[in-house]
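Residue strings, one per chain:
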Amino acid sequence: MTVTLPQATLVTVDEDYAGQRLDNFLIRQLKGVPKTHVYRIIRSGEVRVNKGRAHADTRVEAGDIVRLPPVRTSERAEQKAQIMAQEVARHGASSTVGGYAPAAEFPILFEDDFLLAIDKPAGVAVHGGSGVSFGIIEQLRMARPEADFLELVHRLDRETSGILLIAKRRMALKLLQEQFRERETDKVYLALVSGDWPAKQRVIDKALHKYLLPNGERRVKIVPNDHPDGMRSVTLVKVKAQIAANPLAPSTPFSLLEVTIKTGRTHQIRVHLAGEGHPIAGDDKYGDFELNKTLQKSSLDAPSLKRMFLHAWSLKFNHPKTRKAVQLQASLPQELQQFLPAWTSAPAAEAENS
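All residue numbers here refer to positions counted from 1 along the written sequence of the relevant chain. Whole-chain, interface and lining totals are the exception, using all residues; otherwise, since this is a predicted model, local features are given only for residues with pLDDT of at least 70 and side-chain atom pairs are given and counted only at 80 or more. To obtain the side-chain values, all non-hydrogen atoms of the structure were included, while hydrogens and water were left out.

Enquirer: Sorry if this is basic, but what is going on with the overall build of the chain here?
Expert: In terms of helices and strands, the chain carries 8 helices and 21 strands. Only heavy atoms enter the contact rule, under which two residues are in contact if any of them lie within 4.5 Å. When contacts within the chain are restricted to residue pairs at least 6 apart in sequence, those whose partners lie at least 24 apart make up 65%. Summed over its atoms, the accessible surface of the chain is roughly 18400 Å², and 50% of this surface lies on carbon and sulfur atoms. The helix and strand labels rest on DSSP assignments: H or I over at least four residues marks a helix, E over at least two residues marks a strand, and numbering proceeds from the N terminus. Every accessible area reported is derived by Shrake-Rupley at a probe size of 1.4 Å, with residue values counting cover from the shown protein chains alone.

Quick look at the structure:
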């Protein structure tokens, strides 16, 4: 048995969907309709853009008129969609890997009609995948059911805390991602590394190569700059403070660094700093594992460090609508701040339009 949806309708494309492929636009408009059927009605010419035939890869533009023909879905598909809706209502938004995300909000650094900037906690993935049922983006979507559009502008490692941008409109997503891609943003991290970082070492320009371990885990390594699979990667380093030692590791000096990435490669900061002989404290993939174990032990005069000391501290970009500069800053979370001597305290969180 089949269910026939209403007669043909005309939809005007708004600016949030400008530049999107026609097939993706239709999949969003015709929720519950199998993708195979979506492609069939495109090929048959039943879908029209400005009264003309179009292809699946046609890019729609703001103001385009798209004709949506009557479509049919099976009764079984309708029932499945209803059951899924009930499950989502009970358990949370369905993630891309089949889990359910409990609704959650996170500390907000900046928000308007176009974007949201949150202070991401460590230990939380930004999205579902790679064995993770859900992440921040799925939780935000569940917490904000009225939001038509919420997408990650960029990503942070699960173990990294700090500033994370989410677009609330497709136009904002495109323009912000373009700024990241063209290196027009100013993104600074705070990292605590073992050893005294040489003040003259300010630029790391070494290619990185991504590979998989036998168990499927992703890793990154430094390779020669002319390596066929190497990706050029540039990291700028500035010493913020030299710390003589910590009571937990009295023979190990530390350096608190301001790190700016000019390329956004996977694990770039972690691999570059470790490659210079100064791994990030608490890094469980590229760090000093014996030192990490020592730092996890607390004492009366020294709090323990149970996570990687890497924090997305500052971010400057141009607002996608006003084009004015936006400067965001997130203070170090307490579990990192307490590990430092009082005189190395970082500035408090702030968000400023200029």
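Enquirer: How do you make sense of the sheet that holds strand β3 (residues 48–49) when you look at a structure like this?
Expert: Within a sheet, each strand pairs with its neighbour through backbone hydrogen bonds, oriented either parallel or antiparallel. Within the open sheet, the 4 strands sit side by side as β2-β5-β3-β4. Their pairing is antiparallel. A single partner strand is all that each edge strand has here, and the edge strands are β2 (9–12) and β4 (52–53). When DSSP finds two or more bridges between two strands, those strands count as paired. The pairing of β3 with β4 spans 2 bridges and is classified as antiparallel. Among the inter-strand pairings, Arg 48 is bridged to a residue of β4, identified as Arg 53. The angle between two axes is taken between their N-to-C directions and runs from 0 to 180 degrees, where each axis is a line fitted to C-alpha atoms and a helix contributes only its stretch in contact. Where helix α1 (residues 22–29) meets the sheet, its contacts fall on β2, β3 and β5 (65–68), and the angle it forms with β5 comes to roughly 60°.

Enquirer: Looking at this structure, I do not really get the nonpolar core. What am I missing?
Expert: The tendency in soluble globular proteins is for nonpolar side chains to be buried side by side. Of all hydrophobic cores here, the largest spans 48 residues; its most connected members are Ile 166, Leu 192, Leu 273, Ile 280, Leu 295 and Phe 309. No other element matches the 6 residues that strand β13 (residues 186–194) contributes to this core. Filtering out sequence-adjacent residues up to four positions away, Ile 280 remains in contact with Ala 191, Leu 192, Val 193, Ile 269, Arg 270, Leu 273, Gly 287, Met 308, Phe 309 and Leu 310. We call a set of buried Ala, Val, Leu, Ile, Met, Phe, Trp, Tyr and Cys residues a nonpolar core when their side-chain atoms join them within 4.5 Å. A 1.4 Å probe rolled over the protein chains alone gives each residue an accessible area, and that area as a share of the maximum for its type sets the label: buried under 20%, exposed over 50%, partly exposed in between.

Enquirer: Mind showing me how you'd approach the packing of α1 against helix α2 (residues 35–43) here?
Expert: Helix-helix packing: each pair is described by the crossing angle between the helix axes and the interaxial distance. Here α1 crosses α2 at 125°, and the two axes come no closer than 10 Å. Comparing the axis directions of α1 and α2 gives the class oblique. Crossing hand, α1 versus α2: right-handed. Across from Leu 22, Asp 23, Leu 26 and Ile 27 in α1, the residues of α2 making contact are Lys 35, Val 38, Tyr 39 and Ile 42. Of the residues belonging to the contact of α1 with α2, the class tally is 6 nonpolar, no polar and 2 charged. Any angle that falls under 35 degrees is termed roughly parallel, while one over 145 is termed roughly antiparallel, one within 65 to 115 roughly perpendicular, and all others oblique. Each helix crossing is assigned a hand: it is left-handed if the near helix lies turned anticlockwise from the far helix by less than a right angle, otherwise right-handed if that turn is clockwise. Polar here means any residue outside two lists: the nonpolar Ala, Val, Leu, Ile, Met, Phe, Trp, Tyr, Cys and Pro, and the charged Asp, Glu, Lys and Arg; Gly therefore counts as polar.

Enquirer: So what exactly am I meant to see when it comes to the side chain of Gln 268 here?
Expert: Tracing the sequence through the fold places Gln 268 in helix α6 (residues 268–275). Within the structure, the side chain of Gln 268 is placed 2.9 Å from the backbone oxygen of Val 234, a separation counted as a polar contact. Leave out the neighbours within four places in its chain, and Gln 268 touches Leu 208, Ser 233, Val 234, Thr 235, Ile 261, Lys 262 and Thr 263. Side-chain atoms alone can form a polar contact between residues adjacent in sequence; in general such a contact is a pair of N or O atoms within 3.5 Å, and within protein one must be able to donate a hydrogen while the other accepts it.

Enquirer: Before we go on, may I ask you to explain the pairing of strand β20 (residues 325–329) in this structure?
Expert: Put simply, side chains in a regular strand alternate between the two faces of the sheet. Burial analysis of β20 places 4 of its 5 residues in the buried class, the great majority of the element. Here strand β19 (residues 310–318) pairs with β20 via 5 bridges, running antiparallel. When the sheet's bridge partners are listed, Leu 315 is paired in β20 with Leu 328. In sequence, β19 turns back onto β20 through a hairpin of 6 residues, with Arg 323 there showing a positive phi of about 70°.

Enquirer: Explanation requested: the pattern of salt bridges in the structure shown.
Expert: Two side chains of opposite charge can pair, provided their charged atoms sit close to one another. Any Lys or Arg side-chain nitrogen found within 4 Å of a carboxyl oxygen on Asp or Glu counts as a salt bridge. Considering all chains together, one arrives at 16 salt bridges under this definition. A salt bridge links Glu 151 to Arg 141; the nearest nitrogen and oxygen atoms lie 3.2 Å apart. With Glu 151 in strand β11 (residues 151–152) and Arg 141 in helix α4 (residues 136–143), the pair connects residues that are 10 residues apart, well separated along the chain. For Glu 276, the salt bridge goes to Lys 206, with nearest N and O atoms at 2.9 Å. Separated by 70 residues along the polypeptide, Glu 276 in the loop between α6 and α7 (289–295) and Lys 206 in the loop between β14 (203–205) and β15 (207–212) bring together distant segments of the chain. Take Glu 276: its relative accessible area is 23%, and that puts it in the partly exposed class.

Enquirer: Would you explain α2 in this entry?
Expert: Turn by turn, an α-helix covers 3.6 residues, leaving residues three or four places apart pointing in a common direction. Restricting attention to buried positions, one finds in α2 the residues His 37, Val 38, Ile 41 and Ile 42. Here the buried residues of α2 occupy an arc of 140° about the axis, which is enough to place them on one side. Residues of α2 that are exposed and angled more than 90 degrees away from the buried face: Lys 35, Thr 36 and Arg 43. Where α2 ends, the next residue or the one after it, Gly 45, has phi of about 85°, a positive value. It is the directions from the helix axis to the C-beta atoms whose arc is reported.

Enquirer: How should I be thinking about the packing of aromatic side chains in this particular structure?
Expert: Think of a pair of aromatic rings as described by two things: how far the centres are apart, and how the planes are tilted against each other in angle. For Phe, Tyr and Trp, where Trp contributes only its six-membered ring, two rings pair if their centres lie within 6.5 Å, and the inter-plane angle classes them as stacked under 30 degrees, edge-to-face over 60, or tilted in between. On inspection of all chains with the given rule, the structure shows 1 aromatic pair. Charges are assigned to positions over rings by a cutoff of 6 Å between ring centre and Lys NZ or Arg CZ, combined with an angular limit of 35 degrees from the ring normal. For the cation-ring pair, Arg 169 lies above Phe 114, with the distance from its terminal atom to the ring centre recorded as 4.6 Å. We note Lys 221 situated over the ring of Tyr 211; from NZ or CZ to the ring centre the distance is 5.3 Å.

Enquirer: I'm lost on the pairing of strand β10 (residues 115–120) in this one. Help?
Expert: Within β10, 6 of the 6 residues are buried, which leaves it mostly tucked inside the rest of the structure. Because side chains alternate across β10, one face comprises the buried residues Leu 115, Ala 117 and Asp 119, and the other comprises Leu 116, Ile 118 and Lys 120, equally buried. Where strand β9 (residues 108–111) meets β10, 3 bridges bridge the pair, whose relative direction is antiparallel. Directly across from Phe 110, in β10, lies its bridge partner Ala 117. Here β9 folds back onto β10, and the loop between the two strands holds 3 residues.

Enquirer: Just to check I follow, could you spell out the environment of Leu 10 for this structure?
Expert: Topologically, Leu 10 is positioned in strand β2. Along the sequence, Leu 10 and Asp 64 sit 54 residues apart, while their C-alpha atoms lie 9.9 Å from each other. In this structure, Leu 10 is in contact with Ile 65, Val 66 and Arg 67, ignoring residues within four places of it in sequence.

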